[in-house]
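# Architecture at a glance
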There are 4 protein chains.
Amino acid sequence: MSFNTFGRILRFTSWGESHGVSMGCILDGIPPRISLSTEDLQREVERRRSGLSRFTSQRKEPDQVQILSGVFEGRTTGAPVALQILNVDAKSKDYAEIARLYRPGHADYATQQKYGVRDWRGGGRASARETVMRVAAGAIAKKILGKKVVVRAAVSQIGPLAVHDEQWDWTHGTPETLFCPDREMLPRWQALLDQARKDGTSLGGRIEAQARGVPAGWGAPLYAKLDADLAAALMGINAVKGVEVGAGFAVVSRDGRQNADEMAVAEKHTDNNAVNFLANNAGGILGGISTGQEIRLSLAVKPTSSVRLPLRTVGADDKGEVKEGMIETKGRHDPCIAIRAVPVVEAMIALVLADHQLLHRAQCG
Amino acid sequence: MSFNTFGRILRFTSWGESHGVSMGCILDGIPPRISLSTEDLQREVERRRSGLSRFTSQRKEPDQVQILSGVFEGRTTGAPVALQILNVDAKSKDYAEIARLYRPGHADYATQQKYGVRDWRGGGRASARETVMRVAAGAIAKKILGKKVVVRAAVSQIGPLAVHDEQWDWTHGTPETLFCPDREMLPRWQALLDQARKDGTSLGGRIEAQARGVPAGWGAPLYAKLDADLAAALMGINAVKGVEVGAGFAVVSRDGRQNADEMAVAEKHTDNNAVNFLANNAGGILGGISTGQEIRLSLAVKPTSSVRLPLRTVGADDKGEVKEGMIETKGRHDPCIAIRAVPVVEAMIALVLADHQLLHRAQCG
Amino acid sequence: MSFNTFGRILRFTSWGESHGVSMGCILDGIPPRISLSTEDLQREVERRRSGLSRFTSQRKEPDQVQILSGVFEGRTTGAPVALQILNVDAKSKDYAEIARLYRPGHADYATQQKYGVRDWRGGGRASARETVMRVAAGAIAKKILGKKVVVRAAVSQIGPLAVHDEQWDWTHGTPETLFCPDREMLPRWQALLDQARKDGTSLGGRIEAQARGVPAGWGAPLYAKLDADLAAALMGINAVKGVEVGAGFAVVSRDGRQNADEMAVAEKHTDNNAVNFLANNAGGILGGISTGQEIRLSLAVKPTSSVRLPLRTVGADDKGEVKEGMIETKGRHDPCIAIRAVPVVEAMIALVLADHQLLHRAQCG
Amino acid sequence: MSFNTFGRILRFTSWGESHGVSMGCILDGIPPRISLSTEDLQREVERRRSGLSRFTSQRKEPDQVQILSGVFEGRTTGAPVALQILNVDAKSKDYAEIARLYRPGHADYATQQKYGVRDWRGGGRASARETVMRVAAGAIAKKILGKKVVVRAAVSQIGPLAVHDEQWDWTHGTPETLFCPDREMLPRWQALLDQARKDGTSLGGRIEAQARGVPAGWGAPLYAKLDADLAAALMGINAVKGVEVGAGFAVVSRDGRQNADEMAVAEKHTDNNAVNFLANNAGGILGGISTGQEIRLSLAVKPTSSVRLPLRTVGADDKGEVKEGMIETKGRHDPCIAIRAVPVVEAMIALVLADHQLLHRAQCG
């Protein structure tokens, strides 16, 4: 079923197809009297915009966010905030072939099977372009969270090349540097991506994210677990195939002693915590509830499914008969979509956290 | 916030603490006229029961499921089905120490920070005992799905020892064999677990699951994506720290050509599909919608946090002052909880799939 | 569709059929550390119990409420509270005729058309017995609301006989006095009900309810309007056919001047309000949001559909053929169900208000 | 809390303030492959537009509906449909006084108390202008319901003047005739409204609505009762103070025999029903489920709160001090808002019914 709403108290609902009139969303449940301007949103949207490095799609979208409602004299009113970005540089002709053939790795075939119809222009609703509204809404979520909570993400691996932890420098991760936190790794990734593009293929990537400053107590013991909600939010980003919390899959080969996050009395009490965890294998969440430690997440992004190399596929002719064919993607695509997913990851985490902040307040005051 | 409901149309809501009166749940939205008996439920619950091998907790719970409502003359009526299992063998004394000290890796500390109170007896609401109701409800979900859809899971790794794919035999995976699908691996796992128990520690594990027979078209393009809902369901199981769909984290180091699931015309049309996928890296889901291929999932389960070895921790004395202490878990625990999680994994997958079957029917008829 | 949950943050989900094992509910989202005992619940349930006057059904149910979860050492823990009442005095034989014939005015026919099956014993899920759990849950809602908010209801009319406003005395309304707030009206109602019973018929009634002490600001401008949520809650009580807020249907023949609730500065500022409304035609709610005034509601309850007089109806024989028949209800029924609906009305109002208290806190802190 | 979504499967979420950029909505859960054009929507929106008779507000809004998403080649795709109408004729100056004084009977005061801020221009979010999107979405709901289900409403009373049932002629009810179904009553209403306007006041009204062709079986026994959902939908329309189903408040003074809807075998079996109800006091809904009879609803609309006559009220000065004042509404207002509410009533009923059609299909196939 179509179900385009995300969140419990802070509810995000989006609309729009890649080559339709506009992309838009409604964010509902926003606390009143939060200062909010177009600039607050535009800043985040810019980080996701294509064309910031030569390794992102060359689609030229100005991506000007418009606030349609919910803000009065520079502050939120408690009413739903609707946001809109017009689609400008939509070249549906690039996609004419999709009308006839299902692109492997894309939603084309599944969508057609589900609905018996699909808006094939630019991938329609399944296009990663939809994520622009998540980024805009995420900017509002960050304002709700306030300055104490910092959410950030970076690319930690592209293809076989992982960054070195000891080189990790958050300040180095910008759209221009492919969100790479390892200064020395950057040129190697650039070479790798150049080669992939030349070969007509694409590369997978890994993203690491963290949220600092989340107090102990957000989340729920069951079914609104903070980790489960984060997992859904991240797995719901286009092309994501795996999600880890804390030590993630590394726990499989560990024993209980190694994986224990022992606790001590904190030398200096912070407002979050009177205790000091001696490790953070849990990734800041135990029993579905935040512990006051840093929340740590990791996710796997598959290589862009659209490649220039010809792939074997099927389609339906005018009479609905299934037939085989070869498809070569000629549209404008990112050689590694993990890069542009970084601001989306941050936005989704911020939306989940802000929702849980409000949920916690609802029950526990 | 407390939010003990799971699902959109088929909604599961549970109650109960480990050492409370009973564990129970309400499953709402069940289609009418489905035959349902206590035996249908008991069969699944038995697979999860402790004490079936010497490598599970020795807590002796008869786990007799009682149907309290929603069934008349052996068939569902469309009314909510409430299920209950009485807690019989609750030894709260084993847990007295938890009243004073937070167990590392458990929800004790986070729960206390959230609610300012906690039912410490046996872990209260955070106990894995709650999963017994998911298994019972999952048995109903399997009946809704019908015989065409087969959901199954197995343990594929314990500690460092992974099963060999070429040895995989689904029929070998039972509670008595630790849900191990590799006949030759079983004795090695048994030795490993014996040693862990002797050492006073515990081991992590990996579970692989699949759902066969799901037709193309279940799920949604966004925010009720089938993979996102499955990720939340699995990450929401106690001790799970990572979830993969299809190739999972392996996609990170792949290129787009390798990861493509090419398509051909099916030689023999099945009722699901007129097409034949040449690979299944996607794990049966594209763009949040099932493709008719086998759905493939994998998850990481951390080593049981309760270990006999002493761990450093903190607690609160009667005056609420934080103080340090050492904790050794003496209760009855599983050396590797991945084993008993297998039926829970199946149940959660079945609940998600049955919900999406109904959701798909709602929108698309 | 079956949808047995009510509320947004404070969520009530019930189970149970009139002649099944038990009636029960889960109340989720309850704030932690609220003192709660069986006695708190039993007190309210007693007010609804049958047999307290000779004008209610003679079904003898002890209605002992059992708390199954969510309370530890006398206080709520934030976990879901499950409640259960066993069905003891279920005489399914009284209802054997319903298995063959649809009772006019009851849910029998519609249920059968919807589900193709029905638990006909005592009306199954559609029995007013389900409301006992609303009353029990309402008792918890009242504890959440605290002592400042007082919710109360009374019967204001039975058949043609309405109480006189100038005689209104809230203290006179108890189960034993048919919740009649007019001491002089009571004997006239008793005579009327005696006659109705003798005549083998039943009588309609009107209930007035109010909530005092609700601060200004609960509710929402749209779609979670306090009046809309209250209307749904009250229209959802068995046999209710009309709901009014404030002046209700009287507004139809008024002009805007008459209906205005003018405002003045309050002489004595209360914690709710710095203003003083000069009238309360709005019934304490404007634009879906409470104004701090008394919330006033009124509802119409139809005469009990089960009457001893024979009624013309249809049914289905063993082969599913529709056939006509006459039905005379011989079971134990209330001559005027408005009477026993009073505690249910209070409970539903309390549940809605407590939910909105938490919702308001979620968004506005 | 702000909660701007309505519906369970077919979910309507709206945005927009009276004098903001635009009014808009997202309708989610629409079945695919339904033909849909701007004209389909515009036709319904026109019926609600002001200025169609001299008895509606003279605000001149062209109200051109724009489809922003979810439609491809003239058919719905299953994706969310976003609709937008730009605000053109917004004269905020007319409302400058509202910035300082709370209008009696309006949401001004309650909104300010809730949020501590309000968009006072034209009433902001609380303006009846928001209902234009409900009408547009209702047009889609009617397409989902198909031609077998007919939803219609009319004004049955203005002030003291009620139409005569024997004169009832549905074809006579258009925006130009004030949705009056009684040809002879129309001139009397016109005179009454002229006088009210001259007197600087306004009038209440009553609306009757019906839905024909709804099959037996839509709705739910509890908490998604069809009547409860309809009550919430109608009570949620601006200025509505009472809702009745079927005989409504008339049941109070009836006995059970009078109020019985006896049944007989239908002479001619229709596809809905093999039975023939001999009366319809229930208004087509029993136990929360449709019976296949005509659904009958009635509602009370208060007189427009904005009147030209001066009313006593309070406001806050620049320093937040509460002070008294007199307010005279000079904006463009309807002397009887019941008239323009008619298409909104139809839309809300259609939205509820279409949602229940899908919900029923989800559970019962």
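Heads up: the structure comes first, above all this text.
Throughout what follows, the structure given in this document is the object of discussion. (Residues numbered from 1 in each chain as written. Chains lettered and ligands numbered in written order. Predicted model: local features only at pLDDT ≥ 70, side-chain atom pairs only at ≥ 80, totals over all residues. Heavy atoms only, no water.)

### What about the overall build of chain A?
Within chain A one finds 7 helices and 18 strands. For 365 residues, the compact-globule estimate of 2.2 N^0.38 gives 21 Å, and chain A sits close to it at 21 Å. A principal-axis box enclosing the C-alpha atoms of chain A has dimensions of 70 × 50 × 35 Å. Here chain A holds 365 residues, and 68% of them are scored as buried. (Helix = DSSP H or I, 4+ residues; strand = E, 2+ residues; numbered from the N terminus. Rg over C-alpha atoms; globule rule 2.2 N^0.38 Å. Buried < 20%, exposed > 50% of the residue type's maximum accessible area, 1.4 Å probe, protein only.)

### Quick word on a nonpolar patch on the surface
All names here are of chain A. A cluster of nonpolar residues, Val21, Leu86 and Val88, forms a patch on the protein surface that exposes about 250 Å² of accessible area. Take Val88: it is sitting in the loop between strand 7 (81-86) and helix 2 (108-115). Under the relative-accessibility criterion, Val88 is labelled exposed at 55%. (Patch = residues over 30% accessible without salt bridge, like charges linked within 9 Å, V, L, I, M, F, W, Y side chains within 5 Å. Areas by Shrake-Rupley, 256 points an atom, 1.4 Å probe, with all protein chains shown as cover. Salt bridge = Lys/Arg side-chain N within 4 Å of Asp/Glu carboxyl O.)

### Regarding unusual backbone geometry
All names here are of chain A. If you check the backbone angles, Glu73 has positive phi at about 50 degrees while not being a glycine. Given a relative accessible area of 66%, Glu73 falls into the exposed group. The phi angle at Leu178 is positive, at roughly 60 degrees, despite the residue not being glycine. Within the secondary structure, Leu178 sits in the loop between strand 9 (161-162) and helix 4 (185-198).

### Some remarks on the interface of chain A and chain B
The partner chain B presents 109 residues to the 109 residues of chain A that form the contact. When chain A packs against chain B, the two sides together hide about 8,300 Å² of surface, and 67% of this comes from carbon and sulfur. Inspection of the region where chain A meets chain B yields 0 salt bridges. Counting across the interface, chain A meets chain B through 37 residue pairs in polar contact (both at pLDDT 80 or more). Looking at the side of chain A that touches chain B, the element that brings in the most residues is helix 2 of chain A, giving 6 residues. In terms of residue class, the side of chain A that touches chain B is built from 55 nonpolar, 34 polar and 20 charged. Sheet topology places strand 11 (residues 240-245) of chain A next to strand 11 (residues 240-245) of chain B; 3 bridges connect them, and they run antiparallel. Counterpart to Val243 of chain A in the pairing with strand 11 of chain B is Val243 of chain B. (Contact = heavy atoms within 4.5 Å. Buried area = accessible area lost by both parts, 1.4 Å probe. Polar contact = N/O pair within 3.5 Å; in protein donor to acceptor, adjacent residues only side chain to side chain. Nonpolar A, V, L, I, M, F, W, Y, C, P; charged D, E, K, R; others polar. Pairing = 2+ DSSP bridges.)

### Section: the relation of the copies chain A and chain B
The transformation that overlays chain A on chain B combines an axial shift of 0.0 Å with a rotation of 180 degrees, and the residual RMSD is 0.0 Å. Expressed as an axis order, the relation between the two copies is that of a two-fold axis. Both copies present the same face, since 100% of the interface residues in chain A are matched by interface residues at the equivalent positions in chain B. (Least-squares fit on C-alpha atoms with pLDDT ≥ 70 in both.)

### Re the state of the cysteines
On inspection of all chains with the given rule, the structure shows 0 disulfides over all chains. In this structure Cys364 of chain B is a free cysteine whose sulfur lies 18 Å from that of Cys364 of chain D, the closest cysteine sulfur available. (Disulfide = S-S within 2.5 Å.)

### Observations concerning the interface of chain D and chain C
Taken together, the contacts link 109 residues of chain D with 109 residues of chain C. Summing the contributions of chain D and of chain C, the shared interface buries around 8,300 Å²; its carbon and sulfur component is 67%. Applying the counting rule to chain D against chain C returns 0 salt bridges. The interface formed by chain D and chain C includes 37 residue pairs in polar contact (both at pLDDT 80 or more). Per-element accounting of the side of chain D that touches chain C gives the leading share, 6 residues, to helix 2 (residues 108-115) of chain D. Class assignment for the residues of the side of chain D that touches chain C results in 55 nonpolar, 34 polar and 20 charged.

### A word on the packing of aromatic side chains
In this description, a pair of aromatic rings is defined by centroid distance and the angle of the planes. Under the counting rule described, the total for this entry stands at 28 aromatic pairs over all chains. With centroids separated by 6.1 Å and ring planes inclined at 90 degrees, the aromatic side chains of Trp120 of chain B and Phe72 of chain C adopt a geometry described as edge-to-face. Taken together, the residues span two chains, with Trp120 of chain B in the loop between helix 2 (108-115) and helix 3 (131-145) and Phe72 of chain C in strand 5 (residues 71-72). Relative accessible area serves as the criterion here: at 7%, Phe72 of chain C is assigned to the buried category. The structure contains a cluster of three or more aromatic residues connected by ring pairs, namely Phe6 and Phe12 of chain A together with Tyr223 of chain B. Lys114 of chain A extends its terminal NZ or CZ atom over the ring of Tyr115 of chain A, reaching a point 5.6 Å from the ring centre. (Phe/Tyr/Trp six-rings, centres within 6.5 Å; stacked < 30°, edge-to-face > 60°. Lys NZ or Arg CZ within 6 Å of the ring centre and 35° of its normal.)

### Some points on the sheet that holds strand 7 (residues 81-86) of chain D
Residues and elements named next belong to chain D. Spatially, 1-2-3-7-4 is the arrangement adopted by the 5 strands of the open sheet, whose pairing is antiparallel. The open sheet has two free edges, formed respectively by strand 1 (5-6) and strand 4 (66-67), since each of these has just one partner strand. The pairing of strand 3 (residues 22-28) with strand 7 spans 6 bridges and is classified as antiparallel. By the bridge assignment for strand 7, Met23 is matched with Ile85. Against the sheet, helix 3 (residues 131-145) contacts strand 2 (11-15), strand 3 and strand 7, and its axis sits at roughly 140 degrees relative to strand 7. (Axes fitted to C-alpha atoms, helices over the stretch in contact; angles between N-to-C directions.)

### With respect to the pattern of salt bridges
Oppositely charged side chains may form a pair once their charged atoms are brought near each other. According to the stated counting rule, one finds 84 salt bridges over all chains in the structure shown. Each of Glu44, Arg47, Lys142 and Glu346 of chain A takes part in a single network of salt bridges with overlapping partners.

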